[in-house]
Amino acid sequence: MSRHLISSADLSRTDIEGILATAESMHDLQRRDVKKVPTLRGRTIVNFFFEDSTRTRSSFEIAGKWLSADTINLSAKGSSTSKGESLRDTAMTVSAMAVDALVIRHGASGACRQVSQWVRCSVINAGDGMHEHPTQALLDAYTLRTRIGELDGKHVVIVGDLTHSRVFRSNVITLAALGARVTVVAPPTLMPSGIDAWSETDGFETSWDLDTVLAGGDPVDAVMMLRVQRERMSGGYFPTAREYTVGYGLTRDRLDRLVARNADVLVLHPGPMNRGLEIAADAADAPQSVVLEQVSAGVAVRMAVLYHLLAGEDAGSTRPAAPGAA
Amino acid sequence: MTCPDLSAPAPSPPTPDDARDVMSAGDISRALRRIGHEILERNKGSDDLVLLGIPTRGVPLAHRLAAVIASVEGREIEVGELDITLYRDDLRHNPMRVAYRTRIPDKGIDGQVVVLVDDVLYSGRTIRAALDALSELGRPRAVRLAVLVDRGHRDLPIRADHVGKNLPTSRDERVDVRVSEIDGVDAVRISGGAGR
């Protein structure tokens, strides 16, 4: 693993298991009176969010603070970006302040990869457009493993707006690395083009029919509902919200059928939820729902990621070169 | 970044060819029995006593000491694990290591007599980190230190209360403690060093 975390594919199974093991000890910290450890004292982490976010940004900020790093939050509005500064100039400016890590959320797919080529510090992808969101996949894997143990052979169904979903792209990679079997379900209009070749290489199943998958021969261990991303939808991907719910929403009835086949089934949602659209309020608040556990795991997993990227021996590379070299 | 393979049992580094045993299984067992008695004598019984092992090999040693104390006193005492990885001062100079979990007995450590248990006492930096970690978990009435081997060369003003064996070494020698729970064998070995 490099000093960046851009894609879930950057992580081997050994890397993932190391991060999740560290996350367990980080999770213990959350239950203590004093939650701070001195591990990253003196490091500076900039959270640069060009897109709106509640849980990812706050959990990265808390994660950095509990590890004793100094964290700064920047958003596109209120920074020089709103004056027209380019992404490259903004990134180089922040990097020139000798920060140790740059956590970036950006609306453009591939923005984090670009930035990692321009700066000296570690770059962590907190969601780039429709590309990837690797820390979300790690915290989903952490939540699943906490409840159902090792994921080898477990069946996870991911349902919803696959075309626009970075959560789905990172999750299929991480879940496959941990040995889970994944089925992805979406209406034909929200199924990414070229997914057939992709599903063959990464070894997951695709389907247009949720009820067939839920009733299929393969009992479901967990179902992950994706948010319908209205802000990324310009055209008519489905006729009405009601029609989407009937075909692809996790309704009370579908949850009952899942529980009847497997009492320990889990319901995940990366948030924010559109209650009544992709997930019924009954299902979101059901005992099978681990949505809040995902949020709680988010801080621990992001602490583990910061620790693994910034605490080791290679992490001193942001220090300026010898005096006079410039 | 490389992480240790967690699916495998804890790693036992290969023993160098010139390794010599300085403590046998019997020596270790006798030393632990003596330390157990010393802890009880010093504490005037087993009231408010908590043993905290420092991973990796301090943990099985702490459990063995607890068994010794239980056999003498006729009652169980609390044992926990204190991982100090997040408090180390040398993280920047060493390869990444996974942070293990800290397990503190449910009743906590406030007002208790905490005995830290580790395999080898060398620079004292691990114990410095352990004291920092402890101070954020609560306020023990007293903290004591029990080690199987004290090999000298302290960098900090720290000393052990209970020592299994004082082992004079040079800095270029290596001391390996092997415990059967992790390595399948009980032994203390010394290797390396000039002129051997």
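Remember, it's a predicted structure, so these values are computed and weren't measured experimentally.

**Remarks on the side chain of Ser-123 of chain B**
Residue and element names in this part refer to chain B.
Move 1: Here Ser-123 shows up in the loop between strand 4 (113-121) and helix 3 (125-137).
Move 2: Of the residues examined, Ser-123 reaches a relative accessible area of 17% and is grouped as buried.
Move 3: Apart from the residues within four sequence positions on either side, Ser-123 is in contact with His-153, Arg-154, Asp-155 and Leu-156.

**Considering the sheet that holds strand 8 (residues 222-225) of chain A**
Residues and elements named next belong to chain A.
Move 1: On the basis of which strands lie adjacent, the open sheet formed by five strands has the order 7-6-5-8-9 and parallel pairing. Every other strand in the sheet has two partners, leaving strand 7 (205-207) and strand 9 (266-268) as the edge strands with one partner each. Strand-to-strand twist in this sheet, taken as the mean axis angle between neighbours without regard to direction, amounts to 20°.
Move 2: Sheet topology note: the strand 5 (residues 155-159)/strand 8 ladder contains four bridges and is parallel. Note on strand 8: the bridge partner recorded for Val-157 is Val-223.

**A look at empty space enclosed by the protein**
Residue and element names in this part refer to chain A.
Move 1: For the coordinates displayed, the defined rule picks out three cavities of 30 Å³ or more.
Move 2: Roughly 90 Å³ of volume is contained in the largest cavity.
Move 3: Considering every element that reaches the lining of the largest cavity, the biggest residue donor is helix 12 (residues 291-310), with five residues.
Move 4: Its residues assigned to classes, the lining of the largest cavity shows four nonpolar, six polar and two charged.
Move 5: In terms of domain composition, the lining of the largest cavity takes at least three residues from each of domain 1 (8-133 + 298-310) and domain 2 (135-294).

**Quick notes on the pattern of salt bridges**
Move 1: Scanning all chains against the criterion turns up 36 salt bridges over all chains.
Move 2: Linking Arg-31 of chain A and Asp-28 of chain A is a salt bridge whose minimum nitrogen-to-oxygen distance equals 3.1 Å.
Move 3: Judged by relative accessible area, Asp-28 of chain A falls into the buried class, the value being 14%.
Move 4: The partner of Glu-150 of chain A in a salt bridge is Arg-145 of chain A, and the shortest N-O contact between them spans 3.6 Å.
Move 5: Classification of Glu-150 of chain A by relative accessible area gives partly exposed; the value is 45%.
Move 6: Salt bridges linked by common partners bring Asp-89, Arg-125, Arg-128, Asp-132, Asp-155 and Arg-171 of chain B together as one network.

Cut-offs applied
Residues numbered from 1 in each chain as written. Chains lettered and ligands numbered in written order. Predicted model: local features only at pLDDT ≥ 70, side-chain atom pairs only at ≥ 80, totals over all residues. Heavy atoms only, no water. Helix = DSSP H or I, 4+ residues; strand = E, 2+ residues; numbered from the N terminus. Buried < 20%, exposed > 50% of the residue type's maximum accessible area, 1.4 Å probe, protein only. Contact = heavy atoms within 4.5 Å. Pairing = 2+ DSSP bridges. Axes fitted to C-alpha atoms, helices over the stretch in contact; angles between N-to-C directions. 1 Å grid on protein atoms, 1.4 Å probe; cavity = no way out; pocket = protein on both sides within 12 Å on 5 of 7 lines; lining within 4 Å. Points joined across faces, edges and corners; volume = space filled by probe spheres on them. Nonpolar A, V, L, I, M, F, W, Y, C, P; charged D, E, K, R; others polar. Domains from an automatic or database assignment. Salt bridge = Lys/Arg side-chain N within 4 Å of Asp/Glu carboxyl O.

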